[in-house]
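Fold and contact review
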Amino acid sequence: MTTTSPRYLHVANGTSTTGTIEEAAIPGRTSIWADPLHEGPVPGHVTDEQLLDVRARHLAGDGSVAETIAELRRWRLVIDDHASYDELVLWYEHDLFDQLNLIQVLARIGEVVRGRKPVTLICTDTVPGH
């Protein structure tokens, strides 16, 4: 009998965390969801596509709005592709940046994953040295 290992998708608050996950050789793929929602406009009662546009215009600054929209969309598509993973592991801290992203990620999971996969949260309440 052959047993296959679960396929994990680790979604974290940025490349520092995903880099640590990869360096630690924790099994699975990594992605980020790290929109600084505490800065700039975050209108309510808009579609996700409208929110992507508003956030990208703010985040792009002098850069490319299209590239920023593409990055924000990539974060969503990785989670949306729930056939590519068996368990979703979220890595977020206790601070405002992370908690706002966690709310947004959980809303997305509720829309697209809808209980089809286990979701695990790794959340620290303190960071040594801070």
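Our subject is the structure listed above.
Everything numeric here is computed off the predicted structure, so don't read it as measured data. (Residues numbered from 1 in each chain as written. Predicted model: local features only at pLDDT ≥ 70, side-chain atom pairs only at ≥ 80, totals over all residues. Heavy atoms only, no water.)

1. Section: the packing of helix 3 (residues 65-80) against helix 4 (residues 96-112)
Relative to each other, helix 3 and helix 4 sit at 45 degrees, their axes nearing to 10 Å. Between helix 3 and helix 4, the crossing angle belongs to the class labelled oblique. Where helix 3 crosses over helix 4, the two elements pack in a sense that is right-handed. Residues Arg76, Ile79 and Asp80 of helix 3 pack against Gln104, Val105, Arg108, Ile109 and Val112 of helix 4. By residue class, the composition of the contact of helix 3 with helix 4 is four nonpolar, one polar and three charged. (Axes fitted to C-alpha atoms, helices over the stretch in contact; angles between N-to-C directions. Helix = DSSP H or I, 4+ residues; strand = E, 2+ residues; numbered from the N terminus. Parallel < 35°, antiparallel > 145°, perpendicular 65-115°, else oblique. Left-handed = near helix turned anticlockwise from the far one by under 90°. Contact = heavy atoms within 4.5 Å. Nonpolar A, V, L, I, M, F, W, Y, C, P; charged D, E, K, R; others polar.)

2. Here we look at the packing of aromatic side chains
Evaluated as defined, the whole model comprises one aromatic pair. Taking 6.5 Å as the distance between ring centres and 40 degrees as the angle between the ring planes, the aromatic pair formed by tryptophan 33 and tryptophan 75 counts as tilted. You can see tryptophan 33 sitting in the loop between strand 2 (29-32) and helix 2 (48-60) and its partner tryptophan 75 sitting in helix 3, a full 42 residues away along the chain. Residue tryptophan 33 is classed as buried on the basis of its relative accessible area, which comes to 1%. Its guanidinium or amino end placed over the ring of tyrosine 85, lysine 117 lies 5.7 Å from that ring's centre, counting from NZ or CZ. (Phe/Tyr/Trp six-rings, centres within 6.5 Å; stacked < 30°, edge-to-face > 60°. Buried < 20%, exposed > 50% of the residue type's maximum accessible area, 1.4 Å probe, protein only. Lys NZ or Arg CZ within 6 Å of the ring centre and 35° of its normal.)

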